[in-house]
Amino acid sequence: ASVQRCRAMVKMVSQFSGVLQLTDLDDFITPSQECVKPVKVEKKPGKSSGIIRIEADGSYTQLNQDGGVKKLEKAKITLNDCLACSGCITSAESVLITQQSHKELYKVLNQNKVSGSENQKLVVISVSPQSRASLAARYQLQVADTAQRLTAFFKNLGVHYVFDTTFSRNFSLLESQHEFVKRFQRHKEDSKALPMLASACPGWICYAEKTHGSYIIPYISTTKSPQQVMGSLVKDYFAQRQNISPDQIYHVTVMPCYDKKLEASREDFFSEEYHTRDVDCVITSGEVLKMLEQEGLSLTNVDPVPLDTLCSFPVLATSWFSSGAEPEVIG
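Below: a short report on this structure. (Residues numbered from 1 in each chain as written. Predicted model: local features only at pLDDT ≥ 70, side-chain atom pairs only at ≥ 80, totals over all residues. Heavy atoms only, no water.)

### Description of the packing of aromatic side chains
At step 1: Under the definition given, this model contains 6 aromatic pairs.
At step 2: One aromatic cluster in this structure is built from Tyr161, Phe163 and Phe238.
At step 3: Taking the ring centre of Tyr258 as reference, the NZ or CZ of Lys261 above it sits at 4.7 Å. (Phe/Tyr/Trp six-rings, centres within 6.5 Å; stacked < 30°, edge-to-face > 60°. Lys NZ or Arg CZ within 6 Å of the ring centre and 35° of its normal.)

Below, the structure written as structure tokens:
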């Protein structure tokens, strides 16, 4: 059973981006661990260690104390090695991946069906334009038509609201612009104000934080990604409009990349006051396909309905869109 569980975990982990597979995957949750993939180094009795030298052609040679020279082979750990190894998967990671899946969404929807109104969650799904485009190509539909059919599909399952993250994407871009202007205005006094590095890719942020640390972090934009901006809007602004607390909302995003699951699970996006995350669950475009298959449906057979509108007027609250003073909380 433990072997089957490990294989299932490795299969899920393999869908994260290469930068997370080649580095320590659990760096978002706990301090990084060293790779446990064994690299055997043959040690012969009577041979003392020597000096390793890098030649002009990039090869390695070892100069022994007895004057002998030996050309060394490079240790090779491939991507397949990483995917076949469970050394980077901690218990915390396994819990994370379990919580970030379409099965968890089904669990909440099923609980709503049997719970009283006071214990039900308001289920909100925010769909990214990339996922809509991917599903549109899969079913050979127009993007706008796909969005409306997805809305109908989710609402038939019991979802209450379906939003478009293009809305939060625009806010994120505006906030990035605002931050760049402020950095440009102070760049003569602050040598680390520019260049400003901006990315909504959690894999890149993980790579930058781990491999370059304090050297590169001051240059990283503090603006939240569109996913996390949407999380702030749903759990704050939208919750106020509904006259409910943030923890009464179960917010799901549909994203094109598995790394977004890790982004949503970062401690930076967790409210200690309400014990809830800005984004409770992330499902990928592929998981939406699995849900359609599970329901025995094709998007082409679902009657379209209009998407919901988050608000009908501009929202101006930059604290929702900026992660604050510490670049580590970037999305």
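Once you've had a look at it, read on.
### Notes on unusual backbone geometry
At step 1: At the junction of Leu194 and Pro195, the peptide bond is cis and its omega measures out at 0 degrees in the coordinates.
At step 2: Take Pro195: it is sitting in the loop between α8 (166-186) and α9 (202-211).
At step 3: Positive phi is not limited to glycine here, since Gln140 has a value of about 55 degrees.
At step 4: We note that Asn243 has phi near 60 degrees; this positive angle belongs to a residue other than glycine.
At step 5: In this fold, Asn243 is placed in the loop between α10 (226-241) and β6 (249-255).
At step 6: Judged by its relative accessible area of 71%, Asn243 is exposed. (Helix = DSSP H or I, 4+ residues; strand = E, 2+ residues; numbered from the N terminus. Buried < 20%, exposed > 50% of the residue type's maximum accessible area, 1.4 Å probe, protein only.)

### Looking at α9
At step 1: Those residues of α9 not exposed but buried are Pro202, Gly203, Ile205, Cys206, Ala208 and Glu209.
At step 2: In the stretch just after α9, Gly213 is the one whose phi turns positive, near 50 degrees.

### Overview of the sheet that holds strand β1 (residues 51-54)
Across a sheet, strands are paired by hydrogen bonds formed along the backbone, either parallel or antiparallel in direction.
At step 1: An order of β1-β2-β3 is seen for the 3 strands of this open sheet, with the pairing classed as antiparallel. In this open sheet, the two strands that pair with only one neighbour each are β1 and β3 (69-72). Averaged over neighbouring strand pairs, the angle between their axes works out to 30 degrees when direction is ignored.
At step 2: With 4 bridges connecting them, strand β2 (residues 60-63) and β3 associate as antiparallel partners. Counted as the bridge partner of Thr61 is Lys71 from β3. (Pairing = 2+ DSSP bridges. Axes fitted to C-alpha atoms, helices over the stretch in contact; angles between N-to-C directions.)

### Side note on the sheet that holds β6
At step 1: The 4 strands lie next to each other as β5-β4-β6-β9, forming an open sheet whose pairing is parallel. Two strands bound the open sheet, and with one partner strand each, they are β5 (161-164) and β9 (281-284). Sheet twist, expressed as the mean angle between neighbouring strand axes with direction ignored, is 25 degrees.
At step 2: Sheet topology note: the β6/β9 ladder contains 4 bridges and is parallel. Counterpart to Val254 in the pairing with β9 is Ile283.

### Considerations on the pairing of β6
At step 1: Burial of β6 is extensive: 7 of the 7 residues sit out of reach of the surface.
At step 2: Taking every second residue as pointing to the same face, both faces of β6 are buried, with Ile249, His251, Thr253 and Met255 on one and Tyr250, Val252 and Val254 on the other.

### Notes on the nonpolar core
At step 1: One finds Leu105, Ile125, Phe154, Ile283, Val288 and Met291 to be the most contacted residues of the largest nonpolar core, which totals 27 residues.
At step 2: Sorting the residues of this core by element identifies α5 (102-114), β4 (122-127), α6 (129-139), α7 (143-157), β6, β9 and α12 (285-294) as the ones contributing at least two each.
At step 3: Looking at which element gives the most residues to this core, the answer is α7, with 5 residues.
At step 4: Apart from residues no more than four positions distant in its own chain, Ile283 is found in contact with Ser101, His102, Leu105, Val252, Thr253, Val254, Met255, Lys261, Val288 and Met291.
At step 5: Formed by 14 residues, the second largest nonpolar core is a distinct cluster that contains Leu122, Val124, Ile249 and Cys311. (Core = buried A, V, L, I, M, F, W, Y, C linked by side-chain atoms within 4.5 Å. Contact = heavy atoms within 4.5 Å.)

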